[in-house]
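One-letter residues, chain by chain:
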Amino acid sequence: MTKSLTPRNRPKQNRSVKRAQEIMDVTASLLDRVGFDDLTTILITRELGISVGSLYHYFPNKHAILRSIAENWLKEWDRVLDNIASMPVESMNTISIIKKLLDTFLAVYQKQRGILPLIQAIYAVPELRDLDEKHDKLVVKKMSALFKRMGLKASTKELQRIAFCYLEIIHAMLMISLNQTKAASKKTLFDLNNVIEALLKPYK
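This text gives an overview of the structure that appears in the document.

Here is what the cut-offs are and how they apply
- Residue positions are given per chain, counting from 1 as you read along its sequence in written order.
- Selection of residues for local features in this predicted model requires a pLDDT of at least 70, selection of side-chain atom pairs for listing and counting requires 80 or more, and totals for whole chains, interfaces and linings are taken over all residues.
- In computing side-chain values, all of the structure's heavy atoms are included and hydrogens and water are not.
- Note on geometry: axes are lines fitted to C-alpha atoms, helical ones only across the stretch in contact, with angles between N-to-C directions running from 0 to 180 degrees.
- To qualify as a helix, a DSSP run of H or I must reach at least 4 residues; to qualify as a strand, a run of E must reach at least 2; elements of each kind are numbered from the N terminus.
- Working rule for angles: under 35 degrees goes down as roughly parallel, over 145 as roughly antiparallel, 65 to 115 as roughly perpendicular, anything else as oblique.
- Two residues qualify as a contact provided that any one of their heavy atoms is within 4.5 Å of a heavy atom in the partner residue.
- Classification used: nonpolar for Ala, Val, Leu, Ile, Met, Phe, Trp, Tyr, Cys and Pro, charged for Asp, Glu, Lys and Arg, polar for all others including Gly.
- The nonpolar core is taken to be a set of buried Ala, Val, Leu, Ile, Met, Phe, Trp, Tyr and Cys residues, with the residues joined through side-chain atoms within 4.5 Å.
- Burial classes: relative accessible area under 20% of the type maximum marks a residue as buried, over 50% as exposed, and values in between as partly exposed (1.4 Å probe, protein chains only).
- Stacked, tilted and edge-to-face are the three classes applied to pairs of Phe, Tyr and Trp rings, where Trp contributes its six-membered ring and a pair requires centres within 6.5 Å; stacked means planes under 30 degrees apart, edge-to-face means over 60, and tilted covers the rest.

Quick word on the packing of helix α1 (residues 14-34) against helix α4 (residues 62-85)
Now for step 1: Their axes nearest at 10 Å, the elements α1 and α4 cross at an angle of 95°. Between α1 and α4, the crossing angle belongs to the class labelled roughly perpendicular. Contacts from Gln21, Ile23, Met24, Thr27, Ala28 and Leu31 of α1 reach α4 at Ile65, Leu66, Ser68, Ile69 and Asn72.
Now for step 2: Grouping the constituent residues of the contact of α1 with α4 by class yields 7 nonpolar, 4 polar and no charged.

Put into structure tokens, the structure is as follows:
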């Protein structure tokens, strides 16, 4: 039987909303410290100083907490991609656009606590994989539209393929950079910038 990943009670009052957010914040912090495999509801409740019963009033299990964190991350992506869509790319050169996009994407990854184990959880837990699909579809849709506005000479289908390649490259290399020293990360981001330039250049 599939475990429920739906919060037991959708918090409506300010106090309940605050508690649910506190649970997600503590869980994200623990993800950074102990990782996905060692994360348990016992650890979460100890960190919060509440009983397991109190936690279960909001979330039936740790996967439900992770789902809520991931859903909030998707909302952040939606907001960021809307901001990206408002960029005046028609009057910007390609190098400036690529740099701006890379800085924006990097900031989203850096902002989310526990991002590396959260991504691991999304891949590892079958009930969470739909969030990865939603994320990919959202990014591909918005980025292919942006590439069209940039003047990339390709069909709609090709623009979507390019956007998907862009997403996969960006995601893989940003995940690498987040796990590196500051000096190594800087070099990886430099390489990433060059890779994206090479990806888009043939279509300009």
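Back to the write-up after that little detour.
Re the nonpolar core
Now for step 1: Among the nonpolar cores identified, the biggest contains 66 residues, and Leu66, Phe105, Met143, Phe147, Tyr166, Leu174 and Leu200 are the most heavily contacted of them.
Now for step 2: Of all the elements in the fold, those that place two or more residues in this core are α1, α2 (41-48), α4, α5 (94-111), α6 (115-124), α7 (129-149), α8 (156-178) and α9 (182-200).
Now for step 3: Sort the elements by how many residues they give to this core and α4 lands first, with 11 residues.
Now for step 4: Discounting chain neighbours no more than four positions away, the residues touching leucine 200 are Ile98, Phe147, Met150, Leu152 and Ile162.

Considering the packing of aromatic side chains
Now for step 1: Counted by the stated rule, this structure contains 6 aromatic pairs.
Now for step 2: On the numbers, 5.0 Å between centres and 70° between planes, the contact of tryptophan 77 with phenylalanine 105 is edge-to-face. Residue tryptophan 77 is located in helix α4, and its partner phenylalanine 105 is located in helix α5; the two are separated by 28 residues in the primary sequence.
Now for step 3: Considering the side-chain rings of tryptophan 77 and tyrosine 109, the 6.0 Å spacing of their centres and the 85° angle between planes classify their relative orientation as edge-to-face. Of the two residues, tryptophan 77 sits in helix α4 while tyrosine 109 sits in helix α5, which places them 32 residues apart along the sequence.
Now for step 4: Using a relative accessible area of 1% as the deciding quantity, one classes tyrosine 109 as buried.

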